[in-house]
Amino acid sequence: MSKSRTTTPLPAPLFGHSRRRWVRRLPYGVAVLFIAILLPVTGMVLSNDYGLHPDLAVALAVLQTLPLLMAVRRPLRAWVIVFVSDVAGAAALLAVPVQEDRPWPWPPMAIIGMLLLMFAVGLRERRRTLLTVWLLVLAASVVFKGISPERDNGTWVSLVVLGGVLMVVGGALRERGDAQRALAEQETISEAERARRTLLEERTRIARELHDVVAHHMSVITVQADSAPYRLADLPPEAREEFGSIAATARESLTEMRRLLGVLRSEDASGEGGASERAPQPGVERIPQLVEATVRAGLPVELAMPDPLPTGLPQTVDLSAYRITQEALANVVRHAPGAATRVSVTVDPDRTGLMVLVVNATAPDANAPPLETSGTGHGLVGMRERVRLVGGTLDTGPLPDGGFRVAARLPLTTGTEEELFTA
């Protein structure tokens, strides 16, 4: 059997979360620039000024500078390599004569490289790791000073102080970035939860209204089944028993539906809100009154409806047509006050569908702020749910001239309600 290997994904580069492309590429550019400068300078200085063997000087230069490119993704690992190389270089310098005018144990190039890496480590690692790195640099500096105090000229203090400052700055930038990303993620989650809550609230409201429609049908079935033996003469016993079974089933279904609705209703449904829920649900015949009230509110609305008004519509379609028109007009009042609006309700010639169209132009005063700059989000969500409820289609969106269009087609076929109740 072959063993499966799991590869660890590469960490994200420093500043990899930035939206700006040049910021994401900045660490690579800085690393390449300092490698190009420090690599030859380190080799020459260690060989010519400090007196190290040229081969050893070149090897130390490579180990002390090339890991800077690794630091873009793994700064801590790069720091370990460079720190060990710097310690090895400081130990190697003990074998050469004392150079009183030369910094020791850390040459200037080593200090520059170490400062860059300490800042990179601060951008990536936690506080405990940063403290450990700083203490190791301090301990190595103090140990070398104790080994050869005559070589020490105090330059290591600048590495310890500046390195600590850079790590603190890098750590602060990292924590700020983490907090901003966490806040952005939380805002995304909150927005998704808000959209889901809006959808559920609208579905609950539609379910309460749908109850009135279904309850009416079930009540009619129950009354008809109960009264059939008295209205129809000479019914055979089997038919009487069948009507009784239908009535019992209808009553049981109505009871279960009311019990389910009790879960959906709000706690204050028995109060003022409950009274409005028990009121008769509006339909297409109430759209003229709705438009008239909107006109009185200051919105110029033109209404086009068939004459005579359509009758015999499925109650779910009738209610959905009214609610869609109501919400569309409310959106115009809120977001485009004073805009010329046209409401059109038509029935297909073959009576297979009902078309509701609400189109508004731009507001007369384009610079006037809308009455509401933020809403609950129930408007379009509720329209989509109502259209989906009856198996229709909805088309909404802005117009080329700046207005807005809401077009809903609701099927009038009897199969729509049958599929709805059996779904």
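Rules used in this analysis
Residues numbered from 1 in each chain as written. Predicted model: local features only at pLDDT ≥ 70, side-chain atom pairs only at ≥ 80, totals over all residues. Heavy atoms only, no water. Helix = DSSP H or I, 4+ residues; strand = E, 2+ residues; numbered from the N terminus. Buried < 20%, exposed > 50% of the residue type's maximum accessible area, 1.4 Å probe, protein only. Contact = heavy atoms within 4.5 Å. Areas by Shrake-Rupley, 256 points an atom, 1.4 Å probe, with all protein chains shown as cover. Pairing = 2+ DSSP bridges. Axes fitted to C-alpha atoms, helices over the stretch in contact; angles between N-to-C directions. pLDDT = per-residue confidence, 0-100.

Participant: Explanation requested: the overall build of the chain in the structure shown.
Facilitator: In terms of regular secondary structure, the chain is built from 13 helices and five strands. Buried residues in the chain amount to 37% of all 423 residues. Counting contacts in the chain only where the partners sit at least 6 residues apart, residues at least 24 apart contribute 72% of the total. In the structure as shown, the chain presents an accessible area of about 24,600 Å², 60% of it carried by carbon and sulfur atoms.

Participant: Looking at this model, I keep getting lost on the sheet that holds strand β4 (residues 393–398). Mind explaining?
Facilitator: Two orientations exist for strands paired in a sheet by backbone hydrogen bonds: parallel and antiparallel. Spatially, the five strands line up as an open sheet ordered β1-β2-β3-β5-β4, and their pairing is mixed. The sheet terminates laterally at β1 (301–304) and β4, the two strands that pair on one side only. Geometrically, the sheet is characterised by an average inter-axis angle of 5 degrees between neighbouring strands, direction not taken into account. In this structure, strand β2 (residues 341–347) lies alongside strand β3 (residues 353–360), joined through seven bridges in antiparallel fashion. Opposite T346, over in β3, you have M355 as the bridge partner.

Participant: Before we go on, may I ask you to explain the confidence of the model for the chain in this structure?
Facilitator: In the predicted model, the chain carries a mean pLDDT of 81, and 84% of its residues have values of at least 70. Of the regions scoring below 50 in pLDDT, residues 266–277 engages in nine contacts with residues more than four places distant in sequence or in other chains. A low-confidence stretch, residues 371–377 stays under pLDDT 50, and its non-local contacts, those more than four residues away or across chains, total seven contacts.

Participant: Can you walk me through unusual backbone geometry in this structure?
Facilitator: Trans is the prevailing form of peptide bonds, just as negative phi is the prevailing case for residues other than glycine. The omega angle of the peptide bond from W104 to P105 is 5 degrees, so this bond is cis rather than trans. Note the cis peptide between D307 and P308, where omega equals 5 degrees. At R351, a residue that is not glycine, the phi angle is positive and equals roughly 55 degrees. In this structure, R351 sits in the loop between β2 and β3. R351 gets classed as partly exposed once you look at its relative accessible area, which sits at 43%.

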